[in-house]
Amino acid sequence: MERYPNLKESDPEIYSLIQKESEYESTTLKMIASESYASYSVLEACGSMLTDKYAEGYPGSRYYEGNEFVDCVENLAIDRAKVLFGAEHVNVQPYSGSPANQAVYRALLKIGDKVMGMPVPAGGHLTHGWKVNFSGMDYVQIPYGPDPTTGHFDMNLIRETAKRERPRMIWVGATAYPHKIEYKDFAEIANEIDAYLVADISHINAIIIAGMHPDPVPCCDVVTSTSHKMLRGPRAGFILSKLEDRFQKKYHPDDKWGLAKRIDRAVFPGLQGGPHLHIIAGMAVAFKEAMSDDFKKYGVQIVRNAKSLAESLLGKGWKLAGNGTDTHLLILDFRDKDFTGKEAAAALAKSGIIANFNMVPGDHRSPFVTSGVRLGTPSLTAMGMKEVDMIKVANWIDRVCRNIKNIDDHAENIKNEIADFCKNFKIPGIRE
Ligand code: DSN
């Protein structure tokens, strides 16, 4: 079936670029850990005429008329997220993950408060207090991260830091941590110092849904997430929270709203204007898909594939940060090699394996070149790949990494082999 026939006619330049990107993504291994494939149903909802609608406010309480149907759309998204994650309260309006996190700061803290989070080079996100981001400029980051030797969190050290610094909020979430996060341990620490505990599950939501990773919802005050990445929804964010603020009297004595309403007010009117209802519709579709057995199987397979890939690479003598993975990602550790993560990522891309260079714990190289490459399995899993396919993927990665200095002699062959291999799989949203 031809996709986008009208666009082809009206704007051949953009049409052709989308076709080229589709072709590129269909013939290469998409291993950026924060990517996967949205279904065509999600794309249809996002491409619908709901894009035109203004509806500032929340369902039942808008500043515009004509909301009969869009209220139902937003309520469906909210209700489905409540069921999917077991949350007391849900806000589906954040435009993406960073605005969702920004709303959390506005709802819980005052400017200048201390926030414990992982710096970007340690595997955290920009919005967890990193210095070049609003979160590091307006708030004071108390850093923590994986132990440089083991690659795992040292909970004793994290507790010691928390007790010394007494941050008002602790972020638990990562973009490059390959191990399970034990939210209960963080909750104990947060309780000891009366800090809010906020999980950012953008990277791992699907494996939480599939039961392959601990669930933060029962023990965190707030949980934020993107709806793209492994969840395979539209590019947007959402916030799950408790209804009540357990520190209301202590930190917000004059507030009349409570936690849930403070979050809603922080999103709108605090930070955003009209909600993107076409995207919220896409989110509702993705939440419905994520309730299916097929989605749970996908979540389970993501982790199985990552473990299979890790075992194969370790078996070929490559080092991995933390020596493996319990999640969807692994980080090749090239600290003792004479090439950088940046060189390796470029060589992989030239050969049809798309990933990103990344710091490894204890990295001696700068964040601009790094000693690592982060690899993720969500997209390959969405295509239908299994453990046995990861062995082939590991072989290609091995061939590239052994030939980085003369990659031009090998890249074309590897790229063609990968393109042929990809023909055996579906590409959700492109070739279903
Ligand atoms: N940029 C994303 C990632 O690649 O991990 C995080 O938002």
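First, a word on scope: everything that follows refers to the structure included in this document. Predicted model, so just to flag it, every value in this text is computed and none were measured. (Residues numbered from 1 in each chain as written. Predicted model: local features only at pLDDT ≥ 70, side-chain atom pairs only at ≥ 80, totals over all residues. Heavy atoms only, no water.)

Here we come to the overall build of the chain. The secondary structure content of the chain amounts to 17 helices and 14 strands. Compactness check: the chain gives a C-alpha radius of gyration of 22 Å against a globular reference of 22 Å for 432 residues, within 12% of the reference. Reported as C-alpha extents along the three principal axes, the dimensions of the chain are approximately 70 × 60 × 35 Å. Within the chain, the fraction of its 432 residues that count as buried is 58%. The contacts in the chain between residues at least 6 apart in sequence include a share of 71% that link residues at least 24 apart. Of the roughly 18,600 Å² of accessible surface on the chain, a fraction of 52% belongs to carbon and sulfur atoms. One way to put it: in the chain the 52 positive side-chain charges average out to a point 3 Å from where the 55 negative ones average out. (Helix = DSSP H or I, 4+ residues; strand = E, 2+ residues; numbered from the N terminus. Rg over C-alpha atoms; globule rule 2.2 N^0.38 Å. Buried < 20%, exposed > 50% of the residue type's maximum accessible area, 1.4 Å probe, protein only. Contact = heavy atoms within 4.5 Å. Areas by Shrake-Rupley, 256 points an atom, 1.4 Å probe, with all protein chains shown as cover. Lys, Arg positive; Asp, Glu negative; His and termini not counted. Charge placed at Lys NZ, Arg CZ, Asp CG, Glu CD.)

A rise of 1.5 Å per residue sets the reference length of helix α4 (residues 68-85), with its 18 residues, at 26 Å; its end C-alpha atoms lie 26 Å apart and thus fit the reference within 8%. The set of residues buried in α4 consists of V70, D71, V73, E74, A77, I78, R80, A81, L84 and F85. Buried residues belonging to α4 abut β2 (57-58), β3 (61-62), β4 (89-91), α9 (205-209), β10 (237-241) and α12 (277-290). Positive phi appears at G86, one or two residues downstream of α4, with a value of about 70°. (Expected span 1.5 Å × (residues − 1).)

This next bit is on unusual backbone geometry. The omega angle of the peptide bond from F268 to P269 is 10°, so this bond is cis rather than trans. Along the chain, P269 turns up in helix α11 (residues 259-271). The backbone of R166 sits at a positive phi, close to 45°, despite the residue not being glycine. Note on placement: R166 falls in the loop between α7 (155-165) and β7 (169-172). In this structure, N323 takes a positive phi of about 65° despite not being glycine. Topologically, N323 is positioned in the loop between α13 (293-315) and β11 (329-333). Exposure remark for N323: the relative accessible area of 58% places this residue in the exposed category.

Turning our eyes to something else, we now look at a nonpolar patch on the surface. Nonpolar side chains collect at one region of the surface, where Y4, I14, L17, I18 and L43 lie side by side and expose about 400 Å² of accessible area between them. The element contributing the most residues to the nonpolar patch is helix α2 (residues 12-27), with three residues. In this fold, Y4 is placed in the segment before α1 (5-10). (Patch = residues over 30% accessible without salt bridge, like charges linked within 9 Å, V, L, I, M, F, W, Y side chains within 5 Å. Salt bridge = Lys/Arg side-chain N within 4 Å of Asp/Glu carboxyl O.)

Paired through their backbone hydrogen bonds, the strands of a sheet run either parallel or antiparallel. Across the sheet, which stays open at both edges, the three strands sit in the order β11-β14-β13 with antiparallel pairing between neighbours. Each having just a single partner strand, β11 and β13 (356-358) make up the two edges of the open sheet. Averaged over all pairs of adjacent strands, the angle between strand axes in this sheet comes to 40°, irrespective of strand direction. Here β13 runs beside strand β14 (residues 372-376); their pairing, made up of three bridges, is antiparallel. (Pairing = 2+ DSSP bridges. Axes fitted to C-alpha atoms, helices over the stretch in contact; angles between N-to-C directions.)

Okay, the site of the ligand next. In the vicinity of the ligand, the residues found are S34, H125, T175, H203, K229 and R374. In this structure, S34 approaches the ligand through a side-chain N or O atom, which is 2.7 Å from an oxygen atom. R374 is positioned such that a nitrogen or oxygen atom in its side chain is 2.8 Å from an oxygen atom of the ligand. A majority-of-atoms criterion places the ligand in the largest pocket. Here the residues of the shell around the ligand sort into no nonpolar, four polar and two charged. (Near = heavy atom within 4 Å. Polar contact = N/O pair within 3.5 Å; in protein donor to acceptor, adjacent residues only side chain to side chain. 1 Å grid on protein atoms, 1.4 Å probe; cavity = no way out; pocket = protein on both sides within 12 Å on 5 of 7 lines; lining within 4 Å. Sits in = over half its atoms within 2 Å of the grid points. Nonpolar A, V, L, I, M, F, W, Y, C, P; charged D, E, K, R; others polar.)

With that settled, the discussion passes to the nonpolar core. Ranked by size, the top nonpolar core spans 106 residues in total, and within it L29, I170, F186, L309, L375 and I397 carry the most contacts. Sorting elements by how many residues they give to this core places α12 first, with nine residues. Once residues within four sequence positions are removed from consideration, L375 is found in contact with M31, A33, L309, L313, H328, L329, L330, L332, A355 and I397. Counting residues in each nonpolar core, the second largest holds 24 residues, with Y58, L109, Y251 and F268 among its members. (Core = buried A, V, L, I, M, F, W, Y, C linked by side-chain atoms within 4.5 Å.)

Turning next to the packing of aromatic side chains. Two descriptors summarise a pair of aromatic rings, namely the distance from one centre to the other and the angle between the planes of the rings. Enumeration over the complete set of coordinates arrives at 21 aromatic pairs. Centroid distance Y105 to W171: 5.9 Å. Interplanar angle 50°. Geometry classified as tilted. With Y105 in helix α5 (residues 97-108) and W171 in strand β7, this pair connects stretches of sequence that are 66 residues apart. The two residues Y105 and W171 agree in class, both being buried. (Phe/Tyr/Trp six-rings, centres within 6.5 Å; stacked < 30°, edge-to-face > 60°.)

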